[in-house]
Amino acid sequence: MRVPFLRSSFPAITSLTRPMSNGVLLPLLKRCVSTKPLQQIHTQMLINSLDHVSNFLLSKLIHLKDFNYASLLFSHLPQPNDYAFNIIIRGFTTTWHKYHLTLKSYYQMKFFGLKPDNFTYPFVFIACANLLALDHGRVAHSMVFKNGLNAHGHVSHSLITMYARCRELGYARKVFDEIRERDLVSWNSIIAGYSKMGFAVDAAAMFGKMRDEGFEPNEMTIVSVLGAYGDLGDLSLGRWVEGFVVNSDMKVNSYIGSALIAMYSKCGDLLSARRIFDRMINKDVVTWNAMITGYAQNGVSDEAMLLFNSMKVAGVHPDKITLVGMLSASASIGALDFGKSIDAYASERGFQRDIYVGTALVDMYAKCGSMGDALRVFEGMPQKNEVTWNAMISALAFHGRAQEALLLFKCMSEEHVASCPNDITFVAVLSACVHAGFVDEGHQLFNMMKSYYGLVPKIEHYSCMVDLLARAGQVYEAWDFVEKMPEKPDEVILGALLGACQKLKNVHIGEKVMQLLVEMEPSNSGNYVISSQIYANLRRWDDSARMRVLMRQKGVTKTPGCSWIETDAQVHEFLSGSSFHLYSEKIHDVMELLYDDMKMSGYRPNVNLL
């Protein structure tokens, strides 16, 4: 039999004229850099009945990331052994991230009578972590304990990760506490688990214990603890970590640099975040995303847009995280044209069908007032999660389309929809009821939260109900609702009720609300102004003047209004009373024309609080 090899791949062998052995094929197998010569080796293995070396071939296919070939080869193994299963389970988990196939292969392995070992379970737990398959993870954990594999470090570390991802931090901590000889990986696993799941206080505490026991943090520790300090808003500890990195001569690579930028951004120190960013020589997409997201989350949308353009000039291709950040920046200031350009960019590169980009597009279009585009994107999304549904329902509610919001809520509640209404969903539909004055529907939804969905109403839901009752003129019912609340009312609830008291000239409830608000927010000028206006409407001039005097005595000044106007793809910011903007005269002329059009349409501004 004569089977030629590719000369370019194997220059020393041009043909095969004699039976091949392991000693010849295995070195050739190691040299393969593509699938085609590997297929030729596979042919020789079959011809020479060398099936016992198929595991080496399978391992090489995983290294070459050929999913179809590796899956086909494994499925045709007559009797795969535990080594072959461990190879394919590792490949499904770490190479292709097909976690459902990891679990399928694990159960198949047990069905064949093979015994999973300490090389199997770490990947099984990683798959459970990514699938949030807690039940499967618990069963596998019991098998680990039964077979005495819980002493293996990699098994314990992956168990911690699995329980943490599934938000079972108590079990994760129990696994950690039972590790007899902890190493740095053990500490990193529990610190990362706490940090990534939002338990920043616990992550910081574990970092302190790790240091007390003499362990020096590495790159993974630094990234996790910076995330925790950022969530805590602890700038001093975050700066200490940066000092540690510098003093330890640790390289500020993409991971550490991005974590530092994110920490400073979350703490509101954008100058330090930008300092880290500017000093990094090799910036990848993760680094750019950290700085852009920092600007967007802190409301500095113009800087985010400038940085996005600089990113493209630098030759770094934006990914879906970049686009989500930019859409958030566009939404915050109503930059519709810029948002549309991001939409076009996403469509060109196939990102529009991504669930996160699609949801951000829905939110951006809705906040920019382009509801037609928001609905277009929503209806065209192949997959929707709770955040997607909530964004669209909230948009309809905000734009006064209450009936459509309630109808969409009904669609979301149907059994064939995978997403289930949550706390945010009910805030959205209750807000829709507020805008439309649907008092009965609001009561029904509020009661449905606990009775049907098992959700405990939060302060936001009570706020919606108080606002709904107050707007409907049921001020006494609203105040009774406030008094029966399990939590103390916040300034949002009281502000809504005070506004209703002003509209209805109800000084009895208004005075009660005023007292609470002035104690709660002594520096909020709006409370004094509205209170003064309530008294003025009843011609109680002395009381009205008293509120104005009290405002001056406490040094409270009225906060100037702020607005943004987009012209020629540029966003301009204006403060009330300011006339120093370069284009102020031109934009004032445009606003005068708009004001004239509004008057012709019958609109009359309410200037009672001016």
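Right above here is the structure, for reference.
Reading the values: the criteria
Residues numbered from 1 in each chain as written. Predicted model: local features only at pLDDT ≥ 70, side-chain atom pairs only at ≥ 80, totals over all residues. Heavy atoms only, no water. Helix = DSSP H or I, 4+ residues; strand = E, 2+ residues; numbered from the N terminus. Contact = heavy atoms within 4.5 Å. Patch = residues over 30% accessible without salt bridge, like charges linked within 9 Å, V, L, I, M, F, W, Y side chains within 5 Å. Areas by Shrake-Rupley, 256 points an atom, 1.4 Å probe, with all protein chains shown as cover. Salt bridge = Lys/Arg side-chain N within 4 Å of Asp/Glu carboxyl O. Lys, Arg positive; Asp, Glu negative; His and termini not counted. Charge placed at Lys NZ, Arg CZ, Asp CG, Glu CD. Buried < 20%, exposed > 50% of the residue type's maximum accessible area, 1.4 Å probe, protein only. 1 Å grid on protein atoms, 1.4 Å probe; cavity = no way out; pocket = protein on both sides within 12 Å on 5 of 7 lines; lining within 4 Å. Points joined across faces, edges and corners; volume = space filled by probe spheres on them. Nonpolar A, V, L, I, M, F, W, Y, C, P; charged D, E, K, R; others polar. Axes fitted to C-alpha atoms, helices over the stretch in contact; angles between N-to-C directions. Parallel < 35°, antiparallel > 145°, perpendicular 65-115°, else oblique. Left-handed = near helix turned anticlockwise from the far one by under 90°.

## Re the side chain of aspartate 66
Residue position: aspartate 66 is located in the loop between α3 (54-63) and α4 (67-75). When sequence neighbours within four positions are dropped, the list of residues in contact with aspartate 66 reads Thr35, Leu61 and Trp96.

## Observations concerning unusual backbone geometry
The backbone phi angle of lysine 65 is positive, close to 60°, even though this residue is not glycine. Counting through the fold element by element, lysine 65 comes out in the loop between α3 and α4. For arginine 167, which is not a glycine, the phi torsion comes out positive at approximately 65°. With respect to the element layout, arginine 167 can be found in the loop between α9 (153-165) and α10 (169-177).

## Considering a negative patch on the surface
Taken together, the side chains of Asp589, Glu592, Asp596 and Asp597 define an acidic patch exposed on the protein surface. Structurally, the position occupied by aspartate 597 is in helix α33 (residues 584-600). Here aspartate 597 falls in the partly exposed class, since its relative accessible area comes to 44%.

## Topic: the layout of surface pockets
Its volume calculated, the largest pocket comes out at about 1,200 Å³. Every residue lining the largest pocket is counted, 26 residues in all, and those nearest its centre are Ala262, Lys266, Thr293, Gln297 and Ile321. At the level of elements, α11 (184-196), α13 (219-232), α15 (254-266), α17 (285-297) and α19 (320-333) are the ones that each hand at least two residues to the lining of the largest pocket. In terms of residue count, the dominant contributor to the lining of the largest pocket is α15 (seven residues). Here the residues of the lining of the largest pocket sort into eleven nonpolar, ten polar and five charged.

## Thoughts on the packing of helix α6 (residues 99-111) against helix α8 (residues 134-146)
Between α6 and α8, the shortest axis-to-axis distance is 13 Å and the interhelical angle comes to 40°. Put simply, α6 runs oblique to α8. Here α6 and α8 pass one another in a crossing that is left-handed. Residue-level inspection shows Leu103, Tyr106, Tyr107 and Lys110 of α6 in contact with α8, the latter providing His136, Ala140 and Met143.

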